Each structure stands twice: as structure tokens, then as C-alpha cells.
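# Structure at a glance
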Amino acid sequence: MSPASTGASTAVGAATSVPSPDSADSRLTPGGPGYRRMSFALFLAGVATFALLYSTQALLPLISGEFGVTASDASWTVAAATGGLALFVLPMSALSERFGRRTVMTASLAVAVTLGLLVPFAPDLTTLVVLRAVQGAALAGLPASATAYLAEEVRPKALITAIGLFVAGNSVGGMSGRVITGWVAQEWGWRVAVGVIGALAVACAVAFRLLLPAPRHFMAGSLKPGVLAGTVRDHLSDPLLRRLYAIGALFMTVFGGVYTVIGYRLTEAPFGLPQGIVGSIFLVYLVGTVSASTAGRLVGRLGRRGALYAAGGTTAAGLLLSLADSLPLVLLGLVLITAGFFAGHAVASSAVSKTATHGRAQASALYQSAYYVGSSAGSTAGALAFHAGGWAGTVGVGLLAVLGVVAITVLGTRAARLAARGFQPCGKTA
């Protein structure tokens, strides 16, 4: 998923994290001036980020074939990119506190799209994995900076909807990248397919920079390591934030494992689908676009914890359905997995932005780091489980992760009940 001017917001070393009362009315709101441009710009940034980050995922069977490697070896072209992002998202968020959200997002996209044009020329798997790792590190400037930008520039009541639209851009990017690469690779090979995604990302990056409004509520801070360390320590000591970080990681473990391995399953017996059709399977990402953008209404009806239970249950049901040797049931399973994942991700990520009272960029960065660690772990564990036990092994990994989401949410529910009785042994409630 993510997301240099003047103003007043969270910054490393800054004393306050919210706009002053005088400036609060100038923040963007649906229907107001600049909101639509901002939403579309960040939507395009989400498209570019996910299209690049997962550009090799639908192509793993072809990469395995060209380099003569196993599914778990080829999966490193995905795990390296998400791992690079996870490692660098916190340092990049600190840079955004000093140099501005828009500046860091622009620079990150510029480097990532340049690398995207070099990836097709990788001569071997090792070079490909290294390029993907660096590309993931470059993309680290997007997610945390985007959510911090939204928290600063959008009115609180519209925040979850705005973040949902950014997450929806992630889903469209993930979908379009996989569908396009599937059909292009079927005709011209995986290298041309990855090059096409690089060109698409260039177009998105240019449009993003032209459309995104200049921030009006950002206040630059220092890059003092001690201040940054203190902010990170504060966030990690918050029980609610810790639970939200774990939930994001576990949801992404499911998603990373399923979509890393699904191409192998569908190209093998009993399905034997061609690469183009396998790529088109990722059209189910459109379901994620809808579920992410409507997460606000789900929270309004069920509450945050109720929405997380619903997302986890939907994901688990999809995993179980996908075990069938019937293509329609497998597709329905993927629809449910995708809907549950994107809803859960939108709820958890927006809750992080609302919960953090200072250092929002660092709070979001820690969430994104956990989220993409989950992606890397899911990609690797899902591929290893598939190698050892077939699709049932991958589903088993996913169900364990969903069980973790439910257990953590139960802990949050218990903490809420204790707090309502006058006790608060676990800090804030989830």
C-alpha cells in the first residue's frame, strides 16, 4: 500500500501534531476545493506503488522456468521488494518529517520508476532480487508519508474515507499490474511485461506530482536521532498501536502467501490455465477497491473491533473455499480473501493515524513496516508450505494468521470491557 511546504503538523522534534484551531477549517473535506485532486493524486500513487511492488508476482512460474529455480526461490523477487520497503519505511518517514511529505513521495516514486525500467534487463535471479530489494526500499517513502499527509490535510471525519481511497489505489495497482503482466507475458515474455508496468508507473508518477496539492499544515522538524528514537519508543509502548501493527502484519501474511502461490496452483493440474488467464484472475482486486473504500461505513455499523472480526471471518471463509478443486469456488474464495484483507487493512491503518497523538509519520511507518514484514513472511512461508504440502499448506499458513488477528482483536475487546468497568491494565483499547 503508501501513502515541501509550510503549515502545522506532526514532525520529529515538533511540539504539536495537529493543525491549530485557526487552520483546522482549511483542511480538505469531500466536496471541497482540492479534495478531488488530492484523492486522485494519491490514488495514482497507490496504483504505481502496488503495480511496481508486486510486478513479478503473477510471473513467478515464468521466472522459475527461465532461471530453473523453485517457487520458493522465485518468490524472493517479491519478498525482497516488500522486505526492502519494510526496512526503509521508518527512515523514509523521518525524512518526510524534515523535508515534507510531497517531496519525499515524489523522490521515492522517481527512483522506483527508474529502477522499474531497469528490472527487465536483469541477467540472472540474483541481480533481479537485488534490483527488486532496492526498488522496495525506494517505494518506502510512499505509504507512511501518504497517510501522514492525509492525517494533516484532511478533516478527521473524512480521514478513514480518504485513506480508504488510497488503499483502493493500492488494490487497483496490484490488480492492473498482475492482469497486464499476465497477458503481455503470454505473448512476449515476463521481461517485456515488467517493462510495461515500469512505463505505466512513470505515467502515474508524473500525474501524481502535477495533481497533488501543496501541503498547508506541515511543519518541518529536525532529524535528531534521539527525538526519533523517543517517538518510536512511545508508539511501541502503546498497547493499541502494537495490536494494530500485529493485525496489519497478519492480514498481509495471508494475502502475500495466497497471491504469491496462486499462479503456480492455477497453471498446474487440475486447472492448467494459460498465463494470460492466470493474470486475469487478479481482477478480483476490484473487490478490494470496493471493500477498502467502504471500510468507513463498515466501522460505522459494527465498530472497529466488529469490522476486524468481519474482515477476519471473510478472509477465513475464502481460504477454506479455495481448497476446492472447482475453479468457480476457488475464484469465490479469492474474492472473499481479497475483500476481507482490504477491509481489515483499511480499518487498521486508519486506526493508527487516528490513535497517534504525535509523530504520525513514524506511527504510520511502523504500521507499514509490520505490514510489509508480513508480506515478505507470507510470500516465503506460503511458497515453502506449497512446496511441502501443496495448496492446503498455503491455506494452513493463512488460517493461522487469521486466527492471530481474531485473538488480538479479542484481547482488544477484553481491554475495552475492563476499561468500561474502571480498569485499564492494557492501556488503550483496540
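About the criteria used
Residues numbered from 1 in each chain as written. Predicted model: local features only at pLDDT ≥ 70, side-chain atom pairs only at ≥ 80, totals over all residues. Heavy atoms only, no water. Helix = DSSP H or I, 4+ residues; strand = E, 2+ residues; numbered from the N terminus. Buried < 20%, exposed > 50% of the residue type's maximum accessible area, 1.4 Å probe, protein only. Areas by Shrake-Rupley, 256 points an atom, 1.4 Å probe, with all protein chains shown as cover. Core = buried A, V, L, I, M, F, W, Y, C linked by side-chain atoms within 4.5 Å. Salt bridge = Lys/Arg side-chain N within 4 Å of Asp/Glu carboxyl O. Expected span 1.5 Å × (residues − 1). Phe/Tyr/Trp six-rings, centres within 6.5 Å; stacked < 30°, edge-to-face > 60°. pLDDT = per-residue confidence, 0-100. Contact = heavy atoms within 4.5 Å.

### Re the overall build of the protein chain
Helix and strand counts for the protein chain come out as 18 helices and 0 strands. Out of the 430 residues belonging to the protein chain, those deemed buried represent 59%. Carbon and sulfur atoms make up 68% of the accessible area of the protein chain, which amounts to about 15300 Å² in all.

### A few points about unusual backbone geometry
Residue A269 is joined to P270 through a cis peptide bond whose omega torsion reads 10°. As for its position among the elements, P270 is in the loop between α12 (239-267) and α13 (275-280).

### Digging into the nonpolar core
M38, L42, L150, Y259 and Y372 are the most contacted members of the largest nonpolar core, which has 125 residues in total. No other element matches α12, which puts 16 residues into this core.

### Let's talk about the environment of L400
Summarising the element assignment, L400 is placed in helix α18 (residues 391-420). Measuring from C-alpha to C-alpha, the distance between L400 and T253 comes to 9.6 Å, with 147 residues separating the pair along the chain.

### Digging into the pattern of salt bridges
Per the stated rule, a full pass over the model turns up 3 salt bridges. Between D325 and R265 there is a salt bridge whose closest N-O contact spans 3.2 Å. Of this pair, D325 sits in the loop between α15 (295-321) and α16 (327-355) while R265 sits in helix α12, and the two are 60 residues apart along the sequence.

### What about α16?
Residues separated by three or four positions in an α-helix point in the same direction, a consequence of the helix having 3.6 residues per turn. Between its first and last C-alpha, α16 extends 42 Å over 29 residues, near the 42 Å set by a 1.5 Å rise per residue. When you tally the buried positions in α16, you get 21 out of 29 residues, the bulk of the element.

### Focus: the packing of aromatic side chains
Considering all chains together, one arrives at 11 aromatic pairs under this definition. Arranged with centres 6.5 Å apart and planes meeting at 15°, the rings of F40 and F43 form a pair that is stacked. Placement of the pair is F40 and F43 together in helix α2 (residues 35-53), with a separation of 3 residues, close to one helical turn. Assessed through its relative accessible area of 42%, F40 is described here as partly exposed. Taking 6.2 Å as the distance between ring centres and 20° as the angle between the ring planes, the aromatic pair formed by F341 and Y371 counts as stacked. Taken together, the residues F341 in helix α16 and Y371 in helix α17 (residues 360-389) connect sequence positions 30 residues apart. Residue F341 is classed as buried on the basis of its relative accessible area of 1%. For Y371, a relative accessible area of 0% puts it in the buried group. Feature note: the residues F255, Y259, F341, F342, Y367, Y371 and Y372 constitute an aromatic cluster, connected by ring pairs.

### Looking at the confidence of the model for the protein chain
Looking at the protein chain, pLDDT values average 83 and 90% of them are 70 or higher. Element-level mean pLDDT values for the protein chain span from 42 in helix α1 (residues 21-24) up to 96 in helix α7 (residues 125-139). In this model residues 1-24 is a low-confidence stretch, pLDDT under 50, and it forms 89 contacts with partners more than four residues away in sequence or in other chains.

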